[in-house]
Structure formats: C-alpha cells, structure tokens
Amino acid sequence: MKNIIFIAAPATGKGTFSNMLMERYGYNHISTGDLLRNIVKTNTSLGNEVANVLKSGKLVEDELMFKIIKEKLNQMDLTKPFIIDGLPRNINQALYLNKLFDELNVNNYMAINLDLEYEVALKRALGRLSCLNCGATYNKFFEKFKPIKENICDKCGNVLDSRTDDNEESFKERFETYQKNVKPILDYYMNNNKLLKINTHEFTNEEIFDIIINAVK
Ligand code: AMP
C-alpha cells in the first residue's frame, strides 16, 4: 500500500478516512492538528502560543511544523504504510516534506486532495463532536452520525466535546487559508504525477474510501 498525504479543506472527513485506513489496512496516522493539540495540553508557554493560533484558525509557523513532522517521521516504523493528515498546508511545507522523504528514502506515496463546498463544510464543522478519550467522532447535525445518547460517546461513554476552532469565525479563516494556499500544493503534486483529487460531496464515505483504496493499492 502507498503512503498517503491528505490535502484537504477543513471538515472534509480526512480524520474519518484516516480511521478507516488504520482499522482496515493497518496504516499509521500522523495528524499534525492532533500533535499540536497535544502540545497545547502541556500548558507550557509554547502550548499557550499554539492554543491561540489554533483558536484563531491561522497556521502555526513553518519552523515548528518542520520540527514536529521530522521528529514524528524519524520515530515511526516506515516499513508500515502511513498517512500524513494536515501537512503540507503551504508550498514551503510541501518542499520541506519532499526533502524529508528523500532523506528517509520514502518514494511510494500519493497526495490525495479532498475538497468540499464552503457551506457543506461549515455545517459539518459546526456539528462536529469528538471524544477526547478514544478519538471517535460524531456529528449532531447528521442523523447517521449522531451519538446514540446525546453528547455521550457510543464507544467509551465519555462526554463529547467540540473543537475550540469549530466555530463560524475560525472556520471561515481556516477555509480561506486553505483556499489561498492549496493551488500551488496541488500543482506541485500533479506535476510529479502524485495527485488524486476527490470532491467529497459527490460520493458517500464508502465510495470515497473505495476510490482511495483503489488508488493506493
Ligand atoms: P486540523 O486538525 O488539521 O484541522 O488542524 C487544526 C489547526 O492546527 C489548523 O487550523 C492550524 O492552526 C494548525 N495546523 C495543523 N497542521 C498545520 C500545518 N501543517 N501547518 C500549520 N498549522 C497547522
């Protein structure tokens, strides 16, 4: 199986597809958003700085992202396929990742772009609920994705939470940042014959998953 880099608008389901890939195909998962949220939990001055950036919906500085992704890839068993979910967010990060891959001899990979219209993505983000204990995700606006008991995780019984950046103001900022930066990243992977583009609104999750699996097999 090929390694995967998800390049996705916010709330397009990259977390959901990553979970499916982990459960069904044994992928390792690097979510840069989760790594940053872990730094926030340390309550250090760096943690507080990162918390403010995350709340605003803006991007964390490249230098910190380079350090995080390098450390993570160095720790990982690269004989197993992996997903990078959340990086690159700009062309500078794409070039850095390419350099890291060269150093680590990673060349079996694909960039998968998940796209979605603003209004649909916004509704998904505003309804999103996640379990901080086991990582399960739900959505209170979509019948199929509601938890059985309101605000309680079906899997572990924990109380569910919304992300601090899933409000309309920071969502707008995140979406605009994505739109502003994504074109050169997509061009970069397209020119290297590494790109698959999917408009997630046209398919069900299972269909999207099949498209992904066919591409990475
Ligand atoms: P995500 O969980 O991928 O939606 O990321 C949540 C937030 O973390 C983003 O809105 C950014 O503030 C920050 N973030 C995640 N990945 C990156 C990255 N590669 N570069 C800069 N900021 C990032």
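Residues numbered from 1 in each chain as written. Predicted model: local features only at pLDDT ≥ 70, side-chain atom pairs only at ≥ 80, totals over all residues. Heavy atoms only, no water.

*Asks:* I tried to follow the site of the ligand on my own but got confused; where do I start?
*Replies:* The ligand sits among 17 residues. The nearest are Lys14, Thr32, Arg37, Lys58 and Gly86. For the ligand, a nitrogen atom lies 2.8 Å from a polar atom in the side chain of Thr32. Arg89 is positioned with one of its side-chain polar atoms (N or O) 3.2 Å from an oxygen atom of the ligand. When the free accessible area of the ligand is taken as 480 Å², the share hidden by the protein chains comes to 97%. Per-element tally for the shell around the ligand: the top contributor is helix 2 (residues 32–41), with four residues. Partitioned by chemical class, the residues of the shell around the ligand number six nonpolar, four polar and seven charged. (Near = heavy atom within 4 Å. Polar contact = N/O pair within 3.5 Å; in protein donor to acceptor, adjacent residues only side chain to side chain. Areas by Shrake-Rupley, 256 points an atom, 1.4 Å probe, with all protein chains shown as cover. Helix = DSSP H or I, 4+ residues; strand = E, 2+ residues; numbered from the N terminus. Nonpolar A, V, L, I, M, F, W, Y, C, P; charged D, E, K, R; others polar.)

*Asks:* Explanation requested: the nonpolar core in the structure shown.
*Replies:* As a rule of thumb, nonpolar side chains are buried together in soluble globular proteins. In this structure, Leu36, Ile69, Leu73, Ile84, Leu97, Phe101 and Tyr189 are the most contacted members of the largest nonpolar core, which totals 41 residues. In terms of residues, this core owes the most to one element, helix 7 (residues 168–191), which gives eight residues. Counting 19 residues, the second-largest nonpolar core is a separate cluster that includes Phe17, Ile112, Ile212 and Ala215. (Core = buried A, V, L, I, M, F, W, Y, C linked by side-chain atoms within 4.5 Å. Buried < 20%, exposed > 50% of the residue type's maximum accessible area, 1.4 Å probe, protein only.)

*Asks:* Sorry, what's going on with the confidence of the model for the protein chain here?
*Replies:* Detailed reading of the predicted coordinates is not advisable wherever pLDDT falls low. Residues with a pLDDT of 70 or more make up 100% of the protein chain, whose mean pLDDT is 95. Across the protein chain, the secondary-structure element scoring lowest on mean pLDDT is strand 6 (residues 137–139), at 91, and the one scoring highest is helix 5 (residues 91–104), at 98. (pLDDT = per-residue confidence, 0-100.)

*Asks:* Mind showing me how you'd approach the environment of Asn199 here?
*Replies:* Looking at the secondary structure, you find Asn199 in strand 7 (residues 195–199). Separated by 34 residues in the primary sequence, Asn199 and Asp165 have C-alpha atoms spaced 23 Å apart. With near-sequence residues (within four places) excluded, Asn199 lies in contact with Asp115, Leu116 and Glu117. (Contact = heavy atoms within 4.5 Å.)

*Asks:* Just to check I follow, could you spell out the pattern of salt bridges for this structure?
*Replies:* For side chains of opposite charge, pairing can occur when their charged atoms come near one another. Within the structure shown, the criterion is met by 12 salt bridges. Two residues, Lys14 and Asp85, come together in a salt bridge whose shortest N-O distance is 3.0 Å. Linking Lys14 in helix 1 (residues 14–25) with Asp85 in strand 3 (residues 82–85), this pair joins segments that are 71 residues apart in sequence. Taken as a pair, Lys14 and Asp85 share a single burial class, namely buried. The partner of Arg24 in a salt bridge is Glu206, with the nearest N and O atoms 3.1 Å apart. Of this pair, Arg24 sits in helix 1 while Glu206 sits in helix 8 (residues 205–216), and the two are 182 residues apart along the sequence. (Salt bridge = Lys/Arg side-chain N within 4 Å of Asp/Glu carboxyl O.)

*Asks:* Where do I start with the pairing of strand 1 (residues 3–8) in this structure?
*Replies:* A regular strand places its side chains so that they alternate between the two faces of the sheet. Most of strand 1 sits out of view: six of its six residues are buried. Because side chains alternate across strand 1, one face comprises the buried residues Asn3, Ile5 and Ile7, and the other comprises Ile4, Phe6 and Ala8, equally buried. In terms of strand pairing, strand 1 meets strand 4 (residues 109–115) through six bridges, oriented parallel. Directly across from Ile5, in strand 4, lies its bridge partner Ala111. The sheet contact formed by strand 1 and strand 3 spans three bridges and is parallel. For Ile4, the partnering residue across the bridge sits in strand 3 and is Ile83. (Pairing = 2+ DSSP bridges.)

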